[in-house]
Amino acid sequence: MSTSHAPGDEHSVDGRPDPGLPLPEQRLTSGPATSEGAGAVGRLAGTVYRLRDQLQRAQAEAEGRALVDLASGILVERLRCSPVEAAAQLESLAAQAGLSTLELAADLVNQATRDDIAELARGFVAEAGQPARASVGLRLRSAEAGALAAGDAPAVAQSMLQHALAPLGAVAVAIWAAHGDQSLSLAGSAGFGDEEPARWRHVPPGVPTPARQALDNRATTRYDTLAGAGLPSIGLRELSGGRIAVPAGTGGRIVGVLEICWAEALPAQSQSIERQVQVLAELCAIALESHPLGEHDPRSKRPADPRLTELLDLTDGLNDPCLVLQPLLDTADTPADFVIRHVNTSFVDFAGRPRNMIAGALLLDAYPLVAEPGGLFDKVEHVLATGEPFRAERMRLAAVVDTVPLTTQAQVSISRQGAHVLVVLRLEDGTPKVARLLQHAQRLGRIGGFEENLITGDIVWNDTLFDLHGLPPTAEPVPLDQLAAHVHPDDAHSIGRFLRSLLHHHRPASTAFRLQRADSVARHIRVVAEPVLDENARVTSVRGAYQDVSAQHWTEVALAATRDQLAQSQQETAERNRLALRLQHAIMPPSHGPVDLHNLSVAVRYRPAEKDHLVGGDWYDAVALPSGQVLLCVGDVAGHGIEAATGMVALRNALRGLATTGAGPAQLLAWLNTVTHHLTDNVTATAVCGLYDPASRRLRWARAGHLPPVLLRGGKAAALPKVSGILLGAVGQAVYEEGDTQLETGDTLLMYTDGLIERRDRSVQDSLESLLQVARAPRQLGREGHLEDQLDHLLRYTNADTDDDTCLIGVTVR
């Protein structure tokens, strides 16, 4: 039985589909069975293949979901939307950007976290251009998401190989856990044969493997070929090519080694690839601290003492957190400390640390604050000495996480079990979650905590603070009295005031400065600190935090520049609008008294838009031609501003010039369309053009996408029958239909633009009907102001709501 995939599908090196790609359709086929037994075995094998394939697909989807969920969370915070809306927005943005959802998710997380992966991805983008974003940022983010979603160290190794190392040519990876006795344990691996992990599950002290060499040198170790180096290591029989071993640690404490394998000689390593490997080593350290070693680790073997074995089995069956303590006796046979021999599966450290960091540690190392008088250490010591059990409904427990003290209350039960002490805790709140949230908040917020003892000179920094200063975790922290030497000279006085407030005035203080790092990278930092006083009011120590505010600083600089550009643009726009308005008023005054043209009386009303930036392209003209006819026209250029105003001037003057040829209105609009299409800059317009013959009182007219004129006669109002005609400028050549209307003495013709009647909540036809109703309404008019009163009445009672400019011409036949 075999598994086949559709051609063209892309897969990772181990056959698992990339979560950024659509999952291919898969089919199971089986060959002909040679016997009943072979058929049964074939069906069983097919079931195994199918279940394994489903598991791999589920793992790939889980890794992809972890990264997409991180990006969706960022959108929820920024857009103030629900998770469902954020997921939909992420898919929409990915489609618009032409990226996969995973690529965009990695990009968003890179912009938000400002961690090593984000800086590495931005460096690649700067060096290689846009395509590098997906090839580096997505690969590293996918590896990180896979590590977060993994349930154990082998799954972490598989995710790193699939997403980050295979594209670099690596074929296998091993994650080693380092122990205090100089031995190594294989915590996880991927890409090796089935038997290799079992053979290399434990490496005794003194074996010179590449991982041991990296630990001894505390630096990355490279070998062009493993065979040439002559060192034993996992996969030596099948993979004798290049090797890289990178120490993995956090906070200056190395907890393991990442070993990467190539099938051939080690390829050339650029600085950027070295940075990728360092980031992956940090993920290994997190995995080693988050996932306890498997049962193949010799440290996890059950003790030979059957009574202790029974005790450990008993604690693992309890739902409450338990610690099994073994006394560490001094020369006087009194307990100097207690070894935490075992923590059960229900144990949750209230300081947020993983269980494997607590198991095997000394009690005073793991929880130094329990040594306070009357604290947990005294109670354990008393129970061991007397055998009397101790119980407390409320007992204060304290720990320090990244220099930040955490306290909680717990129900405590202590009893002696042979040579060991059993401590049962029941925490009252979510302190472990608070501790983990604190660590993540410091990482995401680029905040580094510190505490400096002014008496002993001891300085404690957390991991983030070393990163902010551009120092390796093994470097010496910078004392406060030497901080001025590491800042920009112009900021030295700010540091002086900060220290005087802390050390002389005994007050909390804060300041901002520009940090000049050894790697020539300048960062904008804000520091806040408080003095710690003894009973004599003397400063014994200073504790506080540094925060990298570089992104905020440059954002403020960019915003200030944007405000300046916006103010300048607004000023230029306002000046353009004023120019357009002056140009419009110069050609078409808002009001125009009656003008007599032969036996016509012509009056005009122009109502500009209420907002200056909506100055439009409405225009009109009424002029007597050399032929004795009268040209009547109204038009509206699309758009607003100076472009619409200049377009209006061009069309008005062109039509007036074309009218002197004696052509009819349909031909005039055909010519004007050609002018609009070829001689103006992407201008479209509507217009209605009429030629009136005073001798016969005959009106010939045509329209180009414009509303038809309205005729008032004998107290009735009606629109002239529509004639066809496309708007101006839409096509190069157009034909227009011509209408013919016989006017009578006393008739009034209205020509107007859409700003008179247009409403957002009704159709144009309904708006035109409303205009006709207003025009028919009886009113009291003076004899001399009959036409002008009629136009003012129409402007007053038509209820347009688009705030567009309006042009209205009234023509009365005498």
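It should be noted that the structure appears before, not after, this text.
Predicted, not measured: the structure shown is a model, and the values here were computed from it.

### Things to note about the overall build of the protein chain
Part 1 of the reasoning: Counting its regular elements, the protein chain contains 22 helices and 29 strands.
Part 2 of the reasoning: Out of the 814 residues belonging to the protein chain, those deemed buried represent 45%.
Part 3 of the reasoning: Excluding contacts between residues fewer than 6 apart, the proportion of contacts in the protein chain whose partners are at least 24 apart in sequence is 59%.

### Quick notes on the pattern of salt bridges
Part 1 of the reasoning: Counted by the stated rule, this structure contains 22 salt bridges.
Part 2 of the reasoning: We note a salt bridge from Asp216 to Arg212, for which the minimum N-O separation is 3.3 Å. Of the two residues, Asp216 and Arg212 both sit in helix 8 (residues 210–217), four residues apart, roughly one turn of that helix.
Part 3 of the reasoning: On the basis of relative accessible area, Asp216 is assigned to the partly exposed category, the value being 48%.
Part 4 of the reasoning: Residue classification places Arg212 among the buried positions, given a relative accessible area of 8%.
Part 5 of the reasoning: Several salt bridges converge on common partners, so that one network encompasses Arg605, Glu788 and Asp792.

### So, the state of the cysteines
Part 1 of the reasoning: Evaluation of the coordinates by the stated rule reveals zero disulfides.
Part 2 of the reasoning: In this structure Cys807 is a free cysteine whose sulfur lies 9.3 Å from that of Cys633, the closest cysteine sulfur available.
Part 3 of the reasoning: Look at Cys807 and you get buried, because its relative accessible area is 0%.

### Regarding the pairing of strand 9 (residues 322–329)
Part 1 of the reasoning: Inspection of the sheet shows strand 9 paired to strand 13 (residues 420–427) by four bridges, in the antiparallel sense. In the sheet register, Val324 faces strand 13, and the bridge partner there is Leu422.
Part 2 of the reasoning: Bridge count between strand 9 and strand 10 (residues 335–343): seven bridges; the pairing is antiparallel. Within strand 10, the residue paired with Leu325 across the bridge is Ile340.
Part 3 of the reasoning: Taking the residues that link successive antiparallel strands as the turn, the strand 9-strand 10 hairpin has five residues, and the phi of Asp333 there is positive, at about 60 degrees.

### As for the packing of aromatic side chains
Part 1 of the reasoning: With the rule as written, the count across this model stands at four aromatic pairs.
Part 2 of the reasoning: Their ring planes at 45 degrees and their centres at 5.2 Å tell us that Phe450 and Tyr546 sit as a pair that is tilted. Linking Phe450 in strand 14 (residues 447–453) with Tyr546 in strand 18 (residues 539–548), this pair joins segments that are 96 residues apart in sequence. Accessibility assignment for this pair places Phe450 and Tyr546 in one class, buried.
Part 3 of the reasoning: A centroid spacing of 6.4 Å and a plane angle of 90 degrees characterise the contact between Phe513 and Tyr546, whose relative ring orientation is edge-to-face. Of this pair, Phe513 sits in strand 16 (residues 509–516) while Tyr546 sits in strand 18, and the two are 33 residues apart along the sequence.

### So, the nonpolar core
Part 1 of the reasoning: Counting 31 residues, the largest nonpolar core has Met160, Leu165, Val173, Ile175, Leu258, Ile260 and Leu280 as the members making the most contacts within it.
Part 2 of the reasoning: Elements supplying a minimum of two residues to this core: helix 6 (153–165), strand 3 (172–178), strand 4 (184–190), strand 7 (243–250), strand 8 (253–261) and helix 10 (271–290).
Part 3 of the reasoning: Contacts of Leu258, omitting those with residues within four sequence positions, involve Met160, Val173, Ala174, Ile175, Ile244, Ala245, Val246, Val277, Leu280, Ala281 and Cys284.
Part 4 of the reasoning: If you look at the next biggest cluster of nonpolar residues, it comprises 29 residues, including Ala366, Phe377, Val383 and Val412.

### A look at the environment of Leu364
Part 1 of the reasoning: Mapped onto the secondary structure, Leu364 falls in helix 13 (residues 363–366).
Part 2 of the reasoning: Relative accessible area serves as the criterion here: at 26%, Leu364 is assigned to the partly exposed category.
Part 3 of the reasoning: Between the C-alpha atoms of Leu364 and Phe377, which are 13 residues apart in sequence, the distance is 8.2 Å.
Part 4 of the reasoning: Look past the residues within four positions of Leu364 in its chain and what remains in contact with it is Ala336, Asp337, Val370, Ala371 and Phe377.

### Section: a nonpolar patch on the surface
Part 1 of the reasoning: Where nonpolar side chains cluster on the molecular surface, the patch consists of Ile726, Leu727 and Val731 and spans about 190 Å² of accessible area.
Part 2 of the reasoning: Relative to the elements of secondary structure, Ile726 occurs in the loop between strand 26 (716–719) and strand 27 (738–742).

### A closer look at the packing of helix 21 (residues 764–776) against helix 22 (residues 786–797)
Part 1 of the reasoning: At a closest axis distance of 10 Å, the pairing of helix 21 and helix 22 adopts a crossing angle of 135 degrees. Here helix 22 runs oblique to helix 21, going by the angle between their axes. As for the relative orientation of helix 21 and helix 22, their crossing is right-handed in sense. In this structure, helix 21 uses Leu771, Val774 and Ala775 to contact helix 22, whose residues at the interface are His793, Leu794 and Tyr797.
Part 2 of the reasoning: Tallied by class, residues from the contact of helix 21 with helix 22 come to five nonpolar, one polar and no charged.

### Regarding the sheet that holds strand 24 (residues 698–704)
Part 1 of the reasoning: Here we have five strands laid out as an open sheet, ordered 21-22-23-24-27, and antiparallel in their pairing. Both edges of this open sheet fall to strand 21 (616–624) and strand 27, since each of them pairs with a single strand only. Strand-to-strand twist of the sheet, defined as the mean angle between neighbouring strand axes without regard to direction, takes the value 15 degrees.
Part 2 of the reasoning: Bridging between strand 24 and strand 27 involves five bridges; their strand directions are antiparallel. Among the inter-strand pairings, Ala702 is bridged to a residue of strand 27, identified as Glu738.

### A short note on the sheet that holds strand 16
Part 1 of the reasoning: Strand order in this open sheet of five strands is 15-14-18-17-16, and the pairing throughout is antiparallel. Of all the strands in the sheet, the pair left with one neighbour each is strand 15 (459–461) and strand 16. Looking at each pair of strands side by side, their axes are set apart by 20 degrees on average, direction ignored.
Part 2 of the reasoning: Pairing between strand 14 and strand 15: three bridges, direction antiparallel.

Definitions and cut-offs
- Residues numbered from 1 in each chain as written.
- Predicted model: local features only at pLDDT ≥ 70, side-chain atom pairs only at ≥ 80, totals over all residues.
- Heavy atoms only, no water.
- Helix = DSSP H or I, 4+ residues; strand = E, 2+ residues; numbered from the N terminus.
- Buried < 20%, exposed > 50% of the residue type's maximum accessible area, 1.4 Å probe, protein only.
- Contact = heavy atoms within 4.5 Å.
- Salt bridge = Lys/Arg side-chain N within 4 Å of Asp/Glu carboxyl O.
- Disulfide = S-S within 2.5 Å.
- Pairing = 2+ DSSP bridges.
- Phe/Tyr/Trp six-rings, centres within 6.5 Å; stacked < 30°, edge-to-face > 60°.
- Core = buried A, V, L, I, M, F, W, Y, C linked by side-chain atoms within 4.5 Å.
- Patch = residues over 30% accessible without salt bridge, like charges linked within 9 Å, V, L, I, M, F, W, Y side chains within 5 Å.
- Areas by Shrake-Rupley, 256 points an atom, 1.4 Å probe, with all protein chains shown as cover.
- Axes fitted to C-alpha atoms, helices over the stretch in contact; angles between N-to-C directions.
- Parallel < 35°, antiparallel > 145°, perpendicular 65-115°, else oblique.
- Left-handed = near helix turned anticlockwise from the far one by under 90°.
- Nonpolar A, V, L, I, M, F, W, Y, C, P; charged D, E, K, R; others polar.

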